[in-house]
Amino acid sequence: MEVALRVVAVSKRFGATVAVREGSLALEKCKIHAIVGENGAGKSTISSIAAGLVAPDTGHVEIFGAKLSPHTARAAIARGVGMVQQHFRLVDALSVLENAMLGVEPVRGFGRVDLAAARAKLDAVQRELGSSLVANARTGSLGVGDRQRLEIARVLFRDAQILLLDEPTAVLSPQEVAALYTTLRRLADAGRAVAVVTHKIDEVMEFADAVTVMRRGHVVSTREIDRAGDLHAQRRAILHDAFHDSEEASPVVARAGDESQRMLLEIEGLKSERRLQGVRLHVRAKEIVGLAGVEGNGQQELVEILAGLREATSGTVRARGPIEVVLEDRHRQGLVLAASVADNAVLGEHARFTRFFVLNVRALRAEASRRVRDGDVSPPEIDLPVAALSGGNQQKLVLARALARGVASEARVLVLAQPTRGVDIHAARQIHLRIAAAADAGAAVLVSSSDLDELRALCHRIVVIARGRIVGDARRDADGQWEEAASNERLGARMVVRGDVSIP
Amino acid sequence: MSARGTSVRLGLEADFWTIASGTAAAQLAFAALVWVYGQSPRAMTALVFEGTWGSAYGIGQVLFKATPLLFTGLAVHVGLRAGLFNVGAEGQLAAASLAVGVLGAHLPHGTPAIVALPLLAIVAAAAGALWAAPAAGLRARGAHEVISTILLNRVADAFIGLMLGLGLAEHGTVRTEEVVAGARLSRLDRFVHPLEGSAASTAIVIAVLFVAAILWVLPRTRRGREAELVAQNDEACRAEKIPVSRRRSEALIASGAIAGLASLGTVLGYKGYFEQGLGAGAGFAGLAVAILGRGRLVGIVFAALLFGTLAQGGLAINAYVPAEAMEVIQGVVIVVVALADARLRAWLTEKLRAIVVLKREGAS
Amino acid sequence: MSVFASIASLTMIAQTARTAVPYVLASQGGVWSERSGVVNVALEGMMLAGGLAGVAVARTHGPIAGVVAALAIGAALGAAHAAVTELGRIDAIVTGVAINIIALGGTRVVMRALYQSSSNSPSIDGFAGRGSSMVARVALDPMSFATIAAVVMTMLVLRGTRFGLRVRACGEGPLAARAAGIAVVRTRVLAVSIGGALAGLAGAALAYDEHQFQSGMSGGRGFMALAAVVLSGWRPGRAALVCVVFAALDALQGVLQGHARALQDLVQMLPFVAALVALAIFSRSGGTGGPPAGLGVHAE
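What you see is a predicted model, and the numbers here were worked out from it, not measured in a lab. In this numbering scheme, every chain counts its residues from 1 along its sequence in written order. Note on labels: chains are lettered from A, ligands numbered from 1, in written order. Only residues with pLDDT of at least 70 are given local features in this predicted model, and only at 80 or more are side-chain atom pairs given and counted; all residues enter the totals for whole chains, interfaces and linings.

Caption draft 1: Just the overall build of chain B, in detail. Think of it this way: any DSSP run of H or I at least four residues long counts as a helix, any run of E at least two long counts as a strand, and we number them from the N terminus. Check the secondary structure of chain B and you find 14 helices and zero strands. As a reference, a globule follows 2.2 Å times the number of residues to the power 0.38, and the radius of gyration itself is taken over C-alpha atoms. Against the 2.2 N^0.38 benchmark of 21 Å for 364 residues, chain B shows a C-alpha radius of gyration of 22 Å, consistent with a compact globule. On the principal axes, the C-alpha backbone points of chain B span a range of 80 × 55 × 35 Å. Comment: burial labels come from other C-beta atoms within 10 Å of the residue's own C-beta, placed from the backbone, where a count of 20 or more is buried, 12 or fewer is exposed, and between is partly exposed. Across the 364 residues that make up chain B, the buried fraction comes to 60%. Relative to all contacts within chain B whose residues are 6 or more apart in sequence, the contacts with residues 24 or more apart total 79%. For every residue pair, C-beta atoms are placed from the backbone, and the pair is scored as a contact if these atoms sit within 7 Å.

What follows is the structure, given as structure tokens:
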């Protein structure tokens with residue numbers, strides 16, 4: 001098959017860290033090519049280089065046999081490369097049509113946008129995609145799935161022959177994932193080359209034609225998926241390449257919850273202005289409950305209400321002890337990156353270290369040191385700015401802060417949103433162990449995550465939120481095994497359910 | 001070396017390069033302007049030096065010009081530290097000067113300095129704070145402080161004209177009456193005779209001590225520390241229950257109070273009364289001082305002296321090159337230092353990241 | 001003549017229109033800049049630079065050449081503002097304040113070089129012939145037409161053209177715009193240059209109207225225009241309307257000449273106080289609509 005895009009021996013360094021070392025990659029027409037690896041393996045960087053968004057330090061990119069020069073997004077777009085990025089992709093204030101044509105607007109006299117031509121083209125693209133977005137709708141009002149459709153429509157609007165998608169399924173329900181790959185397959189069958197960056201091995205086994213594995217900046221292997229062959233063996237080989245030592249991580253929690261424990265958190269009929277439609281949710285002491293759902297179905301609002309950042313319009317939240325919350329976006333809502341580790345470790349508690357208007361700096365530093373040590377933050381230097389820490393250690397710091405608070409109370413509640421997003425697999429494991437330890441010590445824990453594997457490894461019970469309501473749950477049996485309701489298919493079906501299903 | 005030691009060392013390095021770039025920018029801009037005006041940069045530099053650091057009188061005049069800049073520079077810094085641009089120091093200083101002038105004149109004759117000075121300092125701070133308060137309130141409602149403080153400057157101008165016209169001025173003039181003797185700050189030449197004739201007063205000593213005290217206190221109080229965190233990431237602070245908009249309001253009001261204190265130098269240390277326009281320009285120069293001074297005592301003092309030198313040096317060359325050229329230089333320095341500062345910050349973070357990587361690799 | 005009679009007269013309306021010209025032009029300059037994502041507190045300085053350039057060139061080459069000079073220097077300052085801010089990745093407020101300081105000092109320096117006085121220029125004719133009635137003068141002033149044209153052009157170009165769409169994209173989502181292959185820095189430099197040119201024209205309009213340039217003659221109008229932009233929710237038409245309201249308050253001063261000094265001082269405060277009060281009322285209620293989402297956000 002003809003190679004559409006070739007990445008040739010590229011290296012890229014960001015400051016002191018090498019993101020990609022001598023990485024090579026070939027994307028063929030008519031194929032879906034997966035790029036997998038754990039967080040920080042370099043897969044996003046290599047795809048950004050392929051799309052011209054990031055210029056490599058050494059090496060180059062060839063598109064249909066010709067070298068990409070200059071190495072810019074604009075040049076790559078002109079040559080038929082389109083990338084669907086994870087973040088910062090659409091301008092919320094613009095309409096669907098405006099976003100679709102941005103950068104390649106058809107014009108008539110005096111630089112006026114030719115709206116009719118633009119609309120006709122968008123219609124054509126939507127027919128190929130099988131989508132039906134309203135051209136004049138404000139982009140900010142779209143749901144996650146529609147935003148992604150618009151992203152792909154935008155790339156096709158530019159007549160892209162090579163599509164790169166960075167973690168496109170991170171925020172989708174299993175059903176939406178299947179629909180996405182159906183679309184991608186159609187685009188590949190029409191002669192395009194498609195590359196998908198992902199860390200979900202199941203998707204790769206089910207939908208991809210070829211897979212490149214990256215680890216610590218190296219391209220470890222590239223292989224075709226042989227659907228007729230032994231998929232289990234292929235899967236093991238890919239996992240081996242990606243993680244080297246471990247297969248899939250062993251579960252942190254392996255038993256059912258203890259029903260005799262008392263309720264520490266009782267949420268009844270909780271409604272919010274936009275998303276929550278009456279949430280009922282109970283968490284016992286020593287219990288870890290997973291909150292599964294497609295992004296935008298109210299979990300963020302729920303967490304923010306529990307954090308006191310948002311008002312509920314009706315309903316009650318009763319907690320027997322203090323509620324400590326770790327919010328989803330640690331860079332925006334969890335940490336002051338420019339400030340020291342010490343200040344961040346006690347963020348919001350400076351009053352505790354104040355007497356007669358003066359801070360007791362010594363006590364503050366001692367407490368910060370203790371939390372950093374307990375949280376296994378590396379390096380344990382409280383004077384460094386948090387920006388200097390790795391993502392995993394930043395998350396450990398946020399968690400350490402939440403865990404250290406209210407530790408004196410026996411009835412405390414921990415609410416953790418996406419506790420391991422963007423964290424490498426080792427740090428994620430340590431974070432899970434610390435969450436489990438906190439539960440063992442008596443805390444009621446609510447974990448919101450879009451990663452069902454994470455919830456199954458960590459939780460005693462999983463509840464599904466959809467359209468602002470709790471629409472189902474899954475438990476472990478007496479042996480600690482998950483019941484069938486916890487499978488991807490069953491949870492996924494709940495996650496996209498449209499009706500009102502309430503649990504007893 | 002510990003991370004703390006390294007950060008401190010790198011911080012000092014960054015301070016040095018900021019000051020160096022600011023000074024170099026000032027000299028280059030000066031040379032360029034003088035050259036455009038058809039004068040020899042060398043000769044003009046010599047004139048500037050002669051008029052400033054070349055004589056005891058000149059030094060005294062530089063100190064005199066630097067005095068209000070120490071206050072306004074600190075005022076702007078206190079705002080910047082909380083992420084706010086107080087470009088209203090002009091108006092805050094003007095309002096405070098009027099209040100100090102009027103009240104200073106109406107104190108009972110014979111009021112001892114020990115009573116008069118602290119009282120007037122409080123009045124100055126209160127008046128400055130009062131003039132900043134609407135901007136603080138507006139900021140809490142979401143209106144940007146740059147627009148509101150600038151508008152308040154204009155209101156102050158008109159308000160002062162109105163008040164002086166309505167009878168606060170000495171009859172038939174546009175100035176207030178002389179303040180009582182106990183409210184005057186002594187000229188420095190009473191203690192240091194070579195400064196004879198220069199307008200420097202003991203206000204500069206107060207100013208330096210005050211700047212040192214505030215800079216020491218800021219990171220050691222809850223409010224000071226929290227204001228800085230709010231500036232760096234208000235959303236995270238809100239999530240951790242820090243009262244974000246209150247911290248901002250406090251910082252802007254404190255900034256106004258400090259700007260108001262500059263009137264101690266202009267009214268009590270220099271004129272002995274208030275007239276419209278007294279101290280004008282010090283507020284905007286404060287922005288330059290704050291940016292160049294980077295919140296360090298040495299930096300702010302150096303920056304105040306630099307701009308004091310420019311102001312006084314401008315008078316020395318006014319016969320050849322307009323003194324206003326020095327304002328242009330001030331603007332250039334602000335931009336250059338801001339550019340250097342942005343680079344230095346990125347450089348600092350990068351260096352510290354590298355240290356972290358080294359430490360982790362060393363550990364594993 | 002009573003105070004009220006002078007306020008209600010036709011002269012007052014003409015006076016308002018005349019006063020509104022520099023405010024409205026500057027506000028459109030602010031819209032161009034801020035809709036592209038660059039905070040512009042330098043409108044004041046751009047007005048000053050444009051005013052002096054306009055007068056200086058008008059004296060030697062006539063008023064039309066003066067207008068061209070004002071547009072050019074405003075555009076140059078705008079380009080410098082955006083380029084330094086974006087390429088240097090610094091806060092646009094710092095750059096803006098510096099431009100104001102440089103323009104205030106710089107115009108005085110230049111004036112002294114040209115006219116041996118750093119406070120005002122010799123007088124010029126400007127566009128309008130003297131002698132005819134105020135109403136006719138305002139109605140026939142080319143600057144009035146230019147102002148209306150600027151508002152209409154700003155509305156049409158921002159809404160309906162490719163360039164306008166790209167400017168809005170840079171202002172609302174610079175990172176997304178960059179990902180779409182738009183040269184964000186270049187687009188912003190262009191947009192802020194257009195804005196600067198309009199602010200420069202505002203300065204020239206003011207100076208032509210006063211028949212001379214005076215140091216600091218913009219007198220806060222640039223900041224008022226910016227406040228109008230904020231109050232309008234960054235919309236060109238509404239910003240122009242808010243400016244007309246400010247101008248009416250400002251025009252009271254002219255009408256009240258000859259009345260008590262204190263009243264004049266009080267009236268002088270009026271536009272500024274009104275702007276502050278309006279900000280207080282409309283900022284929170286969201287009545288203004290929020291700022292562009294990418295305002296003050298660097299593209300990289």
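Caption draft 2: Here's a closer look at the interface of chain A and chain B. On the chain B side, the residues contacting the 33 residues of chain A number 27 residues. Looking at the side of chain A that touches chain B residue by residue, the class counts come to 21 nonpolar, eight polar and four charged. Classification used: nonpolar for Ala, Val, Leu, Ile, Met, Phe, Trp, Tyr, Cys and Pro, charged for Asp, Glu, Lys and Arg, polar for all others including Gly.

Caption draft 3: Region of interest: the sheet that holds strand E17 (residues 323-326) of chain A. Residues and elements named next belong to chain A. Across the sheet, six strands lie side by side as E17-E20-E21-E15-E22-E23; this open sheet has mixed pairing. This sheet does not close on itself; its edge strands, each paired only once, are E17 and strand E23 (469-475). Ignoring which end each strand starts from, the neighbouring axes of this sheet average 20° apart. A pair of strands counts as paired when DSSP detects no fewer than two bridges linking them. Across five bridges, strand E20 (residues 413-417) lies against strand E21 (residues 444-448) in parallel orientation. Residue pairing across strands places Leu416 opposite Val447, the latter belonging to E21. Every axis corresponds to a line fitted to the C-alpha atoms, with the helix fit spanning only the stretch in contact, and the corresponding angles, defined between N-to-C directions, vary from 0 to 180 degrees.

Caption draft 4: Examining the pairing of strand E10 (residues 193-198) of chain A more closely. All names here are of chain A. Counting buried residues in E10 gives six out of six residues, a clear majority hidden from the surface. Burial along E10 is two-sided: Ala193, Ala195 and Val197 facing one way and Val194, Val196 and Thr198 facing the other are all buried. The pairing of strand E3 (residues 32-36) with E10 spans five bridges and is classified as parallel. Within the sheet, the bridge partner assigned to Ile35 lies in E10 and is Val197. Where strand E9 (residues 162-166) and E10 come together, five bridges link them in parallel fashion. Residue pairing across strands places Asp166 opposite Val197, the latter belonging to E10. With its strands directed away from the observer, a crossover is right-handed exactly when the path from the first strand over the helix to the second travels clockwise. Handedness of the β-α-β unit built from E9, helix H6 (residues 174-189) and E10 comes out right-handed.

Caption draft 5: Spotlight on the nonpolar core. By convention the nonpolar core is taken to be a set of buried residues drawn from Ala, Val, Leu, Ile, Met, Phe, Trp, Tyr and Cys and joined through C-beta atoms within 7 Å. Counting 405 residues, the largest nonpolar core has Val445(A), Ile329(B), Ile334(B), Ala227(C) and Cys243(C) as its most contacted members. The leading source of residues in this core is helix H14 (residues 325-363) of chain B, at 17 residues. Beyond its immediate chain neighbours, meaning those up to four positions away, Ile329(B) contacts Ala26(B), Ala29(B), Phe30(B), Leu33(B) and Leu310(B).

Caption draft 6: Focus on the packing of helix H8 (residues 222-232) of chain B against helix H10 (residues 244-261) of chain B. Residues and elements named next belong to chain B. The geometry of H8 relative to H10 is characterised by a closest axis approach of 9 Å and an angle of 110° between their N-to-C directions. Judged on the interaxial angle alone, H10 and H8 are roughly perpendicular. Considering only the axes of H8 and H10, their crossing is left-handed. Contact residues: H8 offers Arg223, Glu226, Ala227 and Val230, while H10 offers Val244, Arg247, Arg248, Glu250 and Ala251. In the contact of H8 with H10, the residues fall into four nonpolar, no polar and five charged. By definition in this entry, angles of less than 35 degrees are roughly parallel, angles greater than 145 are roughly antiparallel, angles of 65 to 115 are roughly perpendicular, and the rest are oblique. Crossing handedness is defined as follows: a turn of the near helix away from the far one that is anticlockwise and smaller than a right angle gives a left-handed crossing, while the clockwise case is right-handed.

Caption draft 7: The sheet that holds strand E2 (residues 17-28) of chain A, seen in detail. Residue and element names in this part refer to chain A. Taken in spatial order, the four strands of this open sheet run E2-E1-E4-E5, and their pairing is antiparallel. Lying at the two open borders of the sheet, with one neighbouring strand each, are E2 and strand E5 (66-67). Of the strand pairs in this sheet, strand E1 (residues 3-14) and E2 are connected by eight bridges, and their pairing is antiparallel. In the sheet register, Lys12 faces E2, and the bridge partner there is Val20. On top of the sheet, helix H1 (residues 43-50) reaches E1, E2 and strand E4 (58-63); it is set at about 120° to E1, its chief contact.

Caption draft 8: Highlighting helix H4 (residues 63-88) of chain C. Here the expected length of a helix is defined as 1.5 Å per residue gap, with one fewer gap than residues. In this model, H4(C) (26 residues) spans 37 Å end to end at C-alpha, consistent with the 38 Å of a helix rising 1.5 Å per residue. The positive-phi residue at the C-terminal boundary of H4(C) is Arg89(C), with phi of around 50°.

Caption draft 9: Region of the structure containing the interface of chain C and chain B. Contact with chain C, which involves 40 residues of that partner, is made by 37 residues of chain B. At the level of secondary structure, the elements contributing two or more residues to the side of chain C that touches chain B comprise H4, helix H5 (92-115), helix H11 (221-231) and helix H13 (261-285) of chain C. Considering each element in turn, the side of chain C that touches chain B owes the most residues, 15 residues, to H5(C). Of the residues that constitute the side of chain C that touches chain B, the class distribution is 26 nonpolar, eight polar and six charged.

Caption draft 10: How the structure looks around the environment of Gly54(B). All names here are of chain B. Within the element layout of this structure, Gly54 appears in the loop between helix H2 (41-51) and helix H3 (56-81). Judged by the 14 C-beta atoms lying within 10 Å of it, Gly54 falls in the partly exposed class. Between the alpha carbons of Gly54 and Arg220 there is a distance of 40 Å; along the sequence they are 166 residues apart.

Caption draft 11: Quick look at H2(B). Where H2(B) is concerned, the buried positions are Met44(B), Leu47(B), Val48(B) and Gly51(B). Seen from one end, H2(B) has its buried residues packed into an arc of 100°, which puts them on one side. Note that the arc is defined by the directions from the helix axis to the C-beta atoms.

Purely geometric numbers; function is a separate question.
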